[in-house]
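Topology and contacts: notes
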Amino acid sequence: MKKYFITIVLVFILSGFAGSAQTNQTSVMDDFKPSTLNQPGQEYPQVNSQGYARFQILAPEAKSVIVSLGLGGAKGGTVLTKGEDGYWRGTTSGAMDEGFHYYHVTIDGGIFNDPGTLNFYGSTRWESGIEIPAHDKDFYALKNVPHGNVQQILFPSKSTSTSRRAFVYTPPGYDNDKTKKYPVLYLQHGWGEDETAWSNQGHVNLIMDNLIAANKIKPFVIVMTYGMTNEIKYGGLASFKIEPFQTVLTEELIPYVDLNFRTLSNQANRAMAGLSMGGMETHSITINKPDIFSHFALLSGGTYKPEEIKDKSKVKLVFISCGSREKPESVQNAVKSLKDAGFNAVSYISENTAHEFLTWRRSFKELAPLLFLEP
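Residues numbered from 1 in each chain as written. Predicted model: local features only at pLDDT ≥ 70, side-chain atom pairs only at ≥ 80, totals over all residues. Heavy atoms only, no water.

Another aspect to go through is the overall build of the protein chain. The helix and strand inventory of the protein chain stands at seven helices and 22 strands. Burial statistics for the protein chain: of 375 residues in total, 53% are counted as buried. Sequence-distant contacts in the protein chain: of pairs separated by 6 or more residues, those separated by 24 or more amount to 68%. If you sum the accessible surface of the protein chain, you get close to 16600 Å²; carbon and sulfur atoms cover 52% of it. (Helix = DSSP H or I, 4+ residues; strand = E, 2+ residues; numbered from the N terminus. Buried < 20%, exposed > 50% of the residue type's maximum accessible area, 1.4 Å probe, protein only. Contact = heavy atoms within 4.5 Å. Areas by Shrake-Rupley, 256 points an atom, 1.4 Å probe, with all protein chains shown as cover.)

All right, on to the nonpolar core then. Tyr186, Val223, Leu253, Phe293 and Val318 are the most contacted members of the largest nonpolar core, which totals 43 residues. Among the nonpolar cores identified, the runner-up in size contains 38 residues, and Ala197, Leu211, Ala297 and Ala368 belong to it. (Core = buried A, V, L, I, M, F, W, Y, C linked by side-chain atoms within 4.5 Å.)

Here we come to the pattern of salt bridges. Between side chains of opposite charge, a pair can form when the charged atoms approach closely. Throughout the structure, instances matching the rule amount to 13 salt bridges. Here aspartate 30 ties to arginine 54 by a salt bridge, and the two come within 3.8 Å at their closest N and O atoms. Taken together, the residues span a long stretch of sequence, with aspartate 30 in the loop between β1 (22-23) and β2 (33-34) and arginine 54 in strand β4 (residues 53-58) at a distance of 24 residues. Across the pair lysine 314 and aspartate 291 runs a salt bridge whose closest N-O atoms are separated by 3.0 Å. Remark: aspartate 291 occurs in the loop between α5 (277-288) and β20 (295-299) and lysine 314 occurs in the loop between β20 and β21 (317-323); sequence separation between them is 23 residues. Three or more residues joined by partner-sharing salt bridges are found here, namely Glu98, Asp136 and Arg362. (Salt bridge = Lys/Arg side-chain N within 4 Å of Asp/Glu carboxyl O.)

Attention now moves to the packing of aromatic side chains. This structure, assessed with the given rule, holds 14 aromatic pairs. Ring centres 6.1 Å apart and planes at 85 degrees place the aromatic pair phenylalanine 100 and phenylalanine 357 in the edge-to-face group. Of this pair, phenylalanine 100 sits in strand β10 (residues 99-103) while phenylalanine 357 sits in helix α7 (residues 357-367); the two residues are 257 residues apart in sequence, bridging distant segments of the chain. The residues phenylalanine 100 and phenylalanine 357 share a single accessibility class, namely buried. A ring pair is formed by phenylalanine 296 and tyrosine 304, whose centres lie 5.5 Å apart and whose planes are at 35 degrees; its orientation type is tilted. For phenylalanine 296, a relative accessible area of 3% gives the class buried. Among the residues examined, tyrosine 304 registers a relative accessible area of 1% and is labelled buried. Among the aromatic side chains, those forming a connected cluster through ring pairs are Phe100, Tyr102, Phe120, Trp198, Phe357, Trp360 and Phe364. Lying over the aromatic face of tyrosine 174, arginine 262 brings its terminal NZ or CZ to 4.1 Å of the ring centre. (Phe/Tyr/Trp six-rings, centres within 6.5 Å; stacked < 30°, edge-to-face > 60°. Lys NZ or Arg CZ within 6 Å of the ring centre and 35° of its normal.)

Viewed as axis vectors pointing N to C, helix α4 (residues 242-260) and α5 meet at an angle of 70 degrees, and their least axial separation amounts to 11 Å. When the axis of α4 is compared with that of α5, the two are roughly perpendicular. In the packing of α4 onto α5, the handedness of the crossing is right-handed. In contact with Ile242, Phe245, Gln246, Leu249 and Thr250 of α4, α5 contributes Glu281, Ser284, Ile285 and Asn288. Counted by class, the contact of α4 with α5 contains four nonpolar, four polar and one charged residues. (Axes fitted to C-alpha atoms, helices over the stretch in contact; angles between N-to-C directions. Parallel < 35°, antiparallel > 145°, perpendicular 65-115°, else oblique. Left-handed = near helix turned anticlockwise from the far one by under 90°. Nonpolar A, V, L, I, M, F, W, Y, C, P; charged D, E, K, R; others polar.)

This part covers unusual backbone geometry. Cis peptide bonds are those with omega within 30 degrees of zero, and the linkage from tyrosine 44 to proline 45 qualifies with 5 degrees. The topology assignment puts proline 45 in the loop between β2 and β3 (46-47). A positive phi is found at aspartate 108, a non-glycine position, where the angle reads about 50 degrees. Inspection of the secondary structure puts aspartate 108 in the loop between β11 (105-107) and β12 (110-112). In this structure aspartate 108 comes out as partly exposed when scored by relative accessible area, which is 44%. A positive phi angle, close to 60 degrees, is found at asparagine 352, a residue other than glycine. If you trace the backbone, asparagine 352 turns up in the loop between β22 (345-350) and α7. In this structure asparagine 352 comes out as exposed when scored by relative accessible area, which is 52%.

Structural data, given as structure tokens:
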């Protein structure tokens, strides 16, 4: 299990630090606009219609400024050039993958966030974020449709001797009908992220709102919590153990949610899914606790083998996905084996993406309509 976990995490780390710039020999179009994730009133960073990113950092006394996004710099980033006005400017050497990207700025060896953009928790720290508009961004866009609510909860955790935080998405209309109960999806983030990731970086609430408005899914509640009980740093991944978090999730959080929200509190109406490390957690917990979850989903988070799932009758869905630049063959082969063994198994491959949030946004869009279908 430790080897399995480390492999998944290393994929995440390498993809996050290497970036995903693609060499593009065409000329760079001068139609740059501020990123949608910029701080109010900030003009930079900017993106153009081809997916290039452009930066401007004020650092008049600096000797070197490198942005971690992109592969054009000598140290694995975009090297900025200083102007006479004290601003450092530069453009990625190639078009970036569509979707969300973390990045930071290295100024004379020190790591800082870009003051022009919003921050997102990733890589075990608050990182700058930039959004490269995707051709299919409509499914996670903010639209004039009824919206659900994402609320913070603090639940008691005896096993960790503290109160822990989770975020709960309730669908549109949840507060109108006090008699209606809902299925629940427990949705886990990746390594280095936290319980804010699926809402802030993943836009899972907007995806849900849009799917519900289009009458494409059965509404359900989503619960997102921090997937660790100890602080894991680079180099210490082997110390991760699933059992403490499994206790928090299954013995503390789930009972709290069932007590405080209108849930269908049985195995048939409970699902677990996760991206990257969250997929590893999902894999372990769903196998360890077959009486709690009936729907399993791994998003760039490994695969299941038929023999790992002891009671096929308890499993309603196994969903496995990844980006086309990850290991799609392993996903497809695993799902074929599951289908051959009689499981309701579904694979999804996100085209032209790697270990990144556009892969997981798309994966969730495909997963959601398959959850909690009538028998």
